[in-house]
Each structure stands twice: as C-alpha cells, then as structure tokens.
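# Descriptive structure summary
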Amino acid sequence: MGINHKVLILDTTLREGEQTPGVNFSIDDKIQIAKKLSDIGVDMIEAGDPNVSKDLYEAVKRIANEGLSSEILAHVRAVKKDIDKAIECNVDRIAIYFGTSKTHLTYKLKKAKKEAIKIIIQAIEYAREHGFKVRFTAEDASRTDYSFLVRICNAAVNAGADRVSIPDTVGVMTPERNKDLFIKLKNDVNAELDTHCHNDLGMANSNTLAALEGGATSAHVTINGLGERTGITSISELAVALRVIYNIDTVKLSELPNLSLLVEKSSGIVLSPNSPIIGENAFVHKAGVHVAGVLENPMTYEGFPPDLIGRHRDIIIDKYTGIHAVESRLEKLGISLQKEQIVNIVQEIKNSSKLTRFRDADIIELSEKISGQNFSAKIPHKIEALILIRCKSNVYTSAIARKIRAIKGVDRVYEISGDYDIEITLNANSTIELNDVLERIREVDGVVATETRLVLKKFE
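Presented here is a report on the structure given in the accompanying data block. (Residues numbered from 1 in each chain as written. Predicted model: local features only at pLDDT ≥ 70, side-chain atom pairs only at ≥ 80, totals over all residues. Heavy atoms only, no water.)

### Here we look at a positive patch on the surface
Taken together, the side chains of K102, K113, K114, K118 and R151 present a region of like positive charge at the surface. Considering each element in turn, the positive patch owes the most residues, three residues, to helix α5 (residues 113–129). With respect to the helices and strands, K114 occurs in helix α5. (Patch = residues over 30% accessible without salt bridge, like charges linked within 9 Å, V, L, I, M, F, W, Y side chains within 5 Å. Areas by Shrake-Rupley, 256 points an atom, 1.4 Å probe, with all protein chains shown as cover. Salt bridge = Lys/Arg side-chain N within 4 Å of Asp/Glu carboxyl O. Lys, Arg positive; Asp, Glu negative; His and termini not counted. Charge placed at Lys NZ, Arg CZ, Asp CG, Glu CD. Helix = DSSP H or I, 4+ residues; strand = E, 2+ residues; numbered from the N terminus.)

Structure follows, in structure tokens:
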C-alpha cells in the first residue's frame, strides 16, 4: 500500500523545535524562518504558543500578520484565556491540545475521562464561536486506550475541529503499528488526520511515512529534526523520502540545505556530518569498490542524485582508495600517467601512515615521486598566510569555524567583526599546499569568499 493522496507539510520548528534544550530563537529569527518555510511551499506553520512569554506572543502575532502563503497556527492548552491570546494574534488556525492517555490524565492533568471530554468540547466550541478553524491534538495518543481515543476525537470533531493530530509523544511506535492505528482512525473518526512522531527510538521518519500510508493527510516536521529530547521527523528526510519512494512532491527540495544552515545559525545546533540528506557526508564516497561503481554509474551507491537537493558528490582519497578514484582525480588535475604508475600511487597511499584524506597537493607530490616528472612550477617553501573568510548571512559562523579548524594546515581560527566573519592563520610547505587548503575552505558549505594575505615579515 502506497500513499495515494496529497500530503500536507506542517512545520513546527518555531514551536516544537524551540523546545529543544538550549534553543531560543529571537523574534527576527522566527520571522526569517517562517518566511523561508512559506517560500519553499510548507502548507502550515506552527508559530508557537503565545501564552508562554511576551516575546512568543509578539512573534506569533507578527508571523500571523506577515501575509505568508502558509497557514499559521497557534498551539494552546484547552483553556479559554490561552485561546484568547491566540485569537488576539489573528492566526489562521488554533491548535488545542490535551493529554488523552491514562498516564497523562492521571498524573499530569488529574482529570477523569468524562471531564476531559467536556473540557475539550468547551474549548473547541469557544474557538469556533470566534470564527477560528481548530485542530485538536490528542497528546500521547499512541499510548491512549483506542476506544477512548476514538471517543474523545469524535467529541472534538462534533464540537467543530476539522483536523485531529495523533502524536507519538514519546516515540514508542513502530511503522506497522502506526500504520494500523491510522487505518482504523480513518474509518472511525470523520476528520483530516495529522501525524506527529518523536524520534526517541530513531523511527520518527519511518513512523511518519507509515502513518501517511495509513491515511494521515498532514505530517509534522521540524528543520534539522529539532524538538523535545531527541526531536521529531526532519523536514529534509521526510520530503526527500516522499519524492524518492512515493513520487510525491511537497516542498522545494533544492532549498533544504540553505534552510538547514539558517536554523543551524539560529539554534546553535550543528548537524552531525553523517546526518541523512543534508549532512556533509551524505554524498561522499570512500571505499574503493564504492568509488569504482559511482564513477561508472552513480546509481550503484546513490539512492537519488545529489543535485535533487542542490548538493554534489565527492570522492575521498585515502587508504581505502582504489585505482579508479586515483585515475579520476589525476584526470581532473590534468596529469597523465601510465597504468603501472597509477597502481604504484595507490600502493603508496595504502602504505602511508597519513590517517586523513589525500588532497590534490598530496596526489601531485606522489605523481612527481613515482613518475620523476615535475607537474608544478618552481615553488617557494614554508609559506605563512592569513586568510579572511566571509560567510553567508544565514549560516551559523561558529559551525563554519569548527569545520575549518579541522582542515590540515590551519593553525588558528578567529571569529571577527567587520567585512569578514572568520580569520585564520596557516602554515604551508608550498603554494600548491596553500591552494589546496584554500580549496578545502571554499568547499565548506556557507563560505562565500576568501582573501589571502602572505606573511612577508614576522616580529615576535
């Protein structure tokens, strides 16, 4: 069974995402993120709970009045004064939540089932009386007794809610169970269904896809998978999976890397290099047999082309390298060697004590050693340089600085004010090595310009 219906994307970075430990977006950050989400085609944006603080109220109100194409939601408790704040913000929809599991009713809310239903009905009717569309969220739905879940959801629908969100609040569902749950709910509840999956067991994206197969029409996501504890479904993972597996278009995929960088900067949380889709290593190939396959046909080790999301592939040269990778790199460098010489270069690489990747300068040096030819002009040695680096305005400068600090040859890294964002000092053995470091710096996502200054004299 596939997904045979339109899928709506609801992004809750500004609400769920800001609940990530250590994350606090400024109002300007929130407006910038909301505009970008609207631009890439997100259907709904959960702007936050205006009752949390004065700045959150201001942010929700300003976002709601930006004239964005996305539907703007305020997320509130089933309490009249909370709903009043959402009404003041002039959002498009009010999302009213209430815990429905035995655990939530007993220990958090201390309410009986009958009383809980009454509270939900009154809250939804109040919002509807003021002319607002309503979504009801059955918090901890995945651990709620099914008969009561259907009962309270139908009470919400009868009171005026046209959407019902079914969260896996603590991330304990499996894809099979989640799909079955939504298949049943689709038959038993007369409303559009949202899925909101937490990633505590690493299955948020799989559970979201399963819910969509089961009949959910809207999927909740955040940028970079931010959220409480280990976060929720990532917009990049879900949107690309929908395109690649189900041939369903949702948002502009080519904008996902920029969106990720924007939120890295705003949140201060840098993605792991091996993060799916938008991590630095997502399209980097290393093992010899993999590289040979990719050079012949990228589909051998790529489930989808990197240009689908505006990325490009890279090939690592190190001890795992095979002859095909070295041959390809030499061709790009304009160096022509005999097959036997290339084999010897590969063997040198494998026997080297160098633990990091071999860059172009290293390959040129090995080529000269093996062939006895000179592939570079006469070059000076022991160069010290200062490099000024300008970053994109929507990236987290500290994340760029950390990536640059890991590049071989870089001595010191400074974040600075002025026309440039970062300054580094480096020591190189040659202009080729200097150029190699510059190439690596320019490969770092978010770097837009560099200015190099050679040290002529140094006064200790």
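### A closer look at the sheet that holds strand β7 (residues 192–197)
Taken together, eight strands build a closed barrel; the order of strands is β1-β2-β3-β4-β5-β6-β7-β8 and the barrel is parallel. The sheet shows a mean angle of 25° between the axes of neighbouring strands, taken without regard to direction. Pairing of strand β3 (residues 71–77) with strand β4 (residues 93–99), which is carried by five bridges, proceeds in the parallel orientation. The residue of β4 that forms the bridge with A74 is I94. Against the sheet, helix α4 (residues 102–109) touches β4 and β5 (133–139), its axis set at about 85° to β4. Relative to β7, helix α7 (residues 175–188) is tilted by about 160°, and along the sheet it contacts β6 (163–168) and β7. (Pairing = 2+ DSSP bridges. Axes fitted to C-alpha atoms, helices over the stretch in contact; angles between N-to-C directions. Contact = heavy atoms within 4.5 Å.)

### Digging into the pairing of strand β12 (residues 410–415)
Of the pairings in the sheet, the one linking β12 to strand β13 (residues 422–428) comprises five bridges and is antiparallel in character. Looking at β13, one finds that E415 is bridged to I422. A loop of six residues connects β12 with β13, the two strands running antiparallel in sequence, and G418 in this loop sits at a positive phi of about 110°.

### Comments concerning helix α11 (residues 288–296)
Along an α-helix, residues three or four positions apart point the same way, because every turn accommodates 3.6 residues. Of all the positions in α11, only V291, G293 and V294 are classed as buried. Along the axis of α11, the buried positions cluster into a sector of 165°, meaning they face one direction only. Along α11, the residues that are exposed and aim more than 90 degrees away from the buried face are V289 and E296. On its buried face, α11 is in contact with β9 (284–285), β10 (314–315) and α12 (323–333). (Buried < 20%, exposed > 50% of the residue type's maximum accessible area, 1.4 Å probe, protein only. Arc of directions from axis to C-beta.)

### Observations regarding the pattern of salt bridges
Overall, the coordinates contain 24 salt bridges when judged by the stated rule. Notably, a salt bridge pairs R243 with D249, separated by 3.0 Å at the nearest N-O pair. In this structure R243 comes out as partly exposed when scored by relative accessible area, which is 29%. In this structure D249 comes out as exposed when scored by relative accessible area, which is 60%. The closest approach of N and O atoms between E348 and K369, which form a salt bridge, is 3.3 Å. Of the two residues, E348 sits in helix α13 (residues 339–351) while K369 sits in helix α14 (residues 360–371), which places them 21 residues apart along the sequence. Here E348 falls in the partly exposed class, since its relative accessible area comes to 28%.

### Brief notes about unusual backbone geometry
The phi angle at R229 is positive, at roughly 55°, despite the residue not being glycine. Checked against the element boundaries, R229 lands in the loop between β8 (218–221) and α9 (235–246). Among the residues examined, R229 registers a relative accessible area of 43% and is labelled partly exposed. One non-glycine residue, N247, lies in the positive phi region at around 60°.

### So, empty space enclosed by the protein
For the coordinates displayed, the defined rule picks out two cavities of 30 Å³ or more. Taken as a whole, the largest cavity spans an internal volume of roughly 140 Å³. Looking at the lining of the largest cavity element by element, the count peaks at four residues for helix α10 (residues 256–267). The class makeup of the residues in the lining of the largest cavity is five nonpolar, three polar and five charged. Put simply, the second largest cavity is a space of about 30 Å³. (1 Å grid on protein atoms, 1.4 Å probe; cavity = no way out; pocket = protein on both sides within 12 Å on 5 of 7 lines; lining within 4 Å. Points joined across faces, edges and corners; volume = space filled by probe spheres on them. Nonpolar A, V, L, I, M, F, W, Y, C, P; charged D, E, K, R; others polar.)

### Some points on the nonpolar core
In this structure, I94, I96, F136, I235 and L242 are the most contacted members of the largest nonpolar core, which totals 90 residues. The leading source of residues in this core is helix α6 (residues 146–159), at nine residues. With sequence-adjacent residues up to four places away left out, F136 is seen in contact with I96, F98, T100, I120, I124, I152, C153, A156, A161, R163, V164 and S165. Within the second largest apolar cluster, 22 residues are counted, among which are I404, I424, A428 and V447. (Core = buried A, V, L, I, M, F, W, Y, C linked by side-chain atoms within 4.5 Å.)

### Things to note about the environment of I317
Assignment of secondary structure puts I317 in the loop between β10 and α12. Looking at I317, the relative accessible area reads 0%, which means it is buried.

### Notes on the sheet that holds strand β14 (residues 447–454)
Reading across from one edge, β12-β13-β11-β14 is the order of the four strands in this open sheet, with antiparallel pairing throughout. The open sheet has two edge strands, β12 and β14, and neither has a second partner. Neighbour-to-neighbour, the strand axes of the sheet open up by a mean angle of 20°, direction not taken into account. The sheet contact formed by strand β11 (residues 383–391) and β14 spans seven bridges and is antiparallel. Paired with I389 across the two strands is T450, which belongs to β14.

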